[in-house]
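# Coordinate inspection notes
So the chains spell out like this:
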Amino acid sequence: MASFNLKTPDYHLRTRGIAEMITPSRWDGPSVAASVHAALQARRKEGSNRTASPVVVGMIPFDTNAPALLYVPEEVEWNAEPAALGGVEAAALQPVPLAVDHADSPAYREGVARLLEDIEQGALEKAVLARRVEVRFDKPVDTDRVYARLCARNPSAYVFQADVPEDAAFGDNAGAILLGASPELVVGCRRGRVSSKPLAGSTPRLADQAADEAARHSLLQSAKDQAEHALVVQAIGEVFHRYARDVVVPEQPDLVETPVIWHLGSHVSGVLREGVCPLTLAYALHPTPAVSGWPQRPAQEAIARLEDFDRGFYAGLIGWMDADGNADWALTLRCGFIKGCRATAYAGAGIVAGSTPEKEHAETATKLKTFINAL
Ligand SMILES: C=C(O[C@@H]1C=C(C(=O)O)C=C[C@H]1O)C(=O)O
């Protein structure tokens, strides 16, 4: 039975089973929003004696033209105060890693160098280049335990565990379980109030407290990171203005911390215009330049040219929407797919003028830790 779990600082959503798949005639924002809306309204009519609003959960891939996995689940459980998940640190019978492939990636450094040439020549301003690392174990990975560890270690994140059905439409992700702890919300909506918290511009955290403080300070002062961040916020602000009113775009970013990395983050907010569905806004924003680049088209072409894999649901969206138009859609970052004895982790970094292959490789290694250390 397909399961979907999402734990945030405010709630824990767990669903089981698939009552109805969302199958729009086209994979674009308006068609998806219309199909989701129709399914939710039909469920609402059917279940008028229930108090909770019907919900659609799922994942939208990096490439929005590819099929999303969206469905009305059979069973839904909301917990306002997420209970602690047991058995996190028990060591017995843990699978043992046999091999780690591509932990160091000369091809990634090479890709960054090529992108820097394109940027220098003015072909684009930014592209987010990702890489993947594979870990093979001697026995199947206990994914519930990985989820419990991700939850315990990332209390401020959007932590997820979701089954991808065995269906050719989902490519390499078919039959896998997606797990991760994302720091980044693309669309949150409560009673029409929408917000987004894009992150861009990052530096690894350091074990020594004074050094970590210095790293945090220099991220705030870094012209390169501020420019990379500003470009993302500007693009998101423009989309917000099209779909929302009373839009607030901060002039300066805040610092966002995860256990392994510092990010620059900005809280963009507004009120959805009459009749606009949060999923329409999500499709209009996604993929933001935080995971693709800028301008959008040359950035996506560079990603397709330089990455030797299909992102699938990595750098996509994961979340839910209910019949009242409330929703949360977070980026599927700091994540990986588990299939039996094999785990594949993904991480990317924004390449802009001033980036270096060595530093960006190190940044992806830091980001990979969130998932890999939970295995
Ligand atoms: C692409 C990833 O992260 C994105 C890239 C960031 C950056 O380059 O500074 C920061 C946060 C994310 O928007 C990832 O974690 O895989």
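Residues numbered from 1 in each chain as written. Predicted model: local features only at pLDDT ≥ 70, side-chain atom pairs only at ≥ 80, totals over all residues. Heavy atoms only, no water.

Per an unreviewed UniProt entry, the protein chain is named isochorismate synthase, and its organism is Rhizobium paknamense. Quoted verbatim from the Catalytic activity (unreviewed entry) field of UniProt, the annotation for the protein chain is "chorismate = isochorismate". On record in UniProt, under Sequence similarities (unreviewed entry), the comment for the protein chain is "Belongs to the isochorismate synthase family." (UniProt positions renumbered as here; feature names shortened; annotations may be inferred.)

Attention now moves to the sheet that holds strand β14 (residues 244-248). Strand pairing within a sheet occurs via backbone hydrogen bonds; the two strands may be parallel or antiparallel. Strand order across the open sheet formed by nine strands is β3-β5-β4-β19-β20-β11-β12-β17-β14, with antiparallel pairing between neighbours. In the strand order of this sheet, the two ends are held by β3 (20-21) and β14, each with one partner. Sheet strands touched by helix α5 (residues 223-243): β12 (193-196), β14 and β17 (268-272). Its angle to β17, the strand with the most contacts, is close to 10 degrees. (Pairing = 2+ DSSP bridges. Helix = DSSP H or I, 4+ residues; strand = E, 2+ residues; numbered from the N terminus. Contact = heavy atoms within 4.5 Å. Axes fitted to C-alpha atoms, helices over the stretch in contact; angles between N-to-C directions.)

Moving on: the sheet that holds strand β16 (residues 261-265). The three strands are arranged β13-β16-β15 in an open sheet whose pairing can be described as antiparallel. Edge positions in the sheet fall to β13 (199-204) and β15 (254-257), since each has one partner strand and no second. Neighbouring strand axes in the sheet, compared pairwise and without regard to direction, differ in orientation by 30 degrees on average. Here β13 pairs with β16 via four bridges, running antiparallel. The residue bridging Pro-204 from the neighbouring strand is Ile-261, located in β16. Across the face of the sheet, helix α4 (residues 209-221) comes into contact with β13, β15 and β16 while running at roughly 25 degrees to β16. Those strands touched by α5 are β13 and β16, and its axis lies near 155 degrees from that of β13.

With that settled, consider helix α2 (residues 106-120). Here α2 contains 15 residues, and its C-alpha end-to-end distance of 21 Å stays within 8% of the 21 Å for a straight helix at 1.5 Å per residue. Turning to α2, its buried residues are Tyr-108, Arg-109, Gly-111, Val-112, Leu-115, Leu-116, Asp-118 and Ile-119. Of the surrounding secondary structure, the elements contacted by the buried residues of α2 are β8 (126-137), α7 (296-306), β22 (342-351) and α8 (357-372). (Expected span 1.5 Å × (residues − 1). Buried < 20%, exposed > 50% of the residue type's maximum accessible area, 1.4 Å probe, protein only.)

UniProt annotation of "domain: Chorismate-utilising enzyme C-terminal" (unreviewed entry) refers to residues 106-367 when read in the numbering used here. Split by type, residues 106-367 is 34% helix and 33% strand. Its first and last C-alpha atoms lie 17 Å apart.

Attention now goes to the pairing of strand β11 (residues 185-190). With five of its six residues buried, β11 lies for the most part within the structure. Here three bridges tie β11 to β12, and the two strands are oriented antiparallel to one another. Among the inter-strand pairings, Gly-188 is bridged to a residue of β12, identified as Ser-195. In textbook terms, the turn of a hairpin is the stretch between consecutive antiparallel strands, and for β11 and β12 this stretch comprises two residues, one of which, Arg-191, has a positive phi near 45 degrees.

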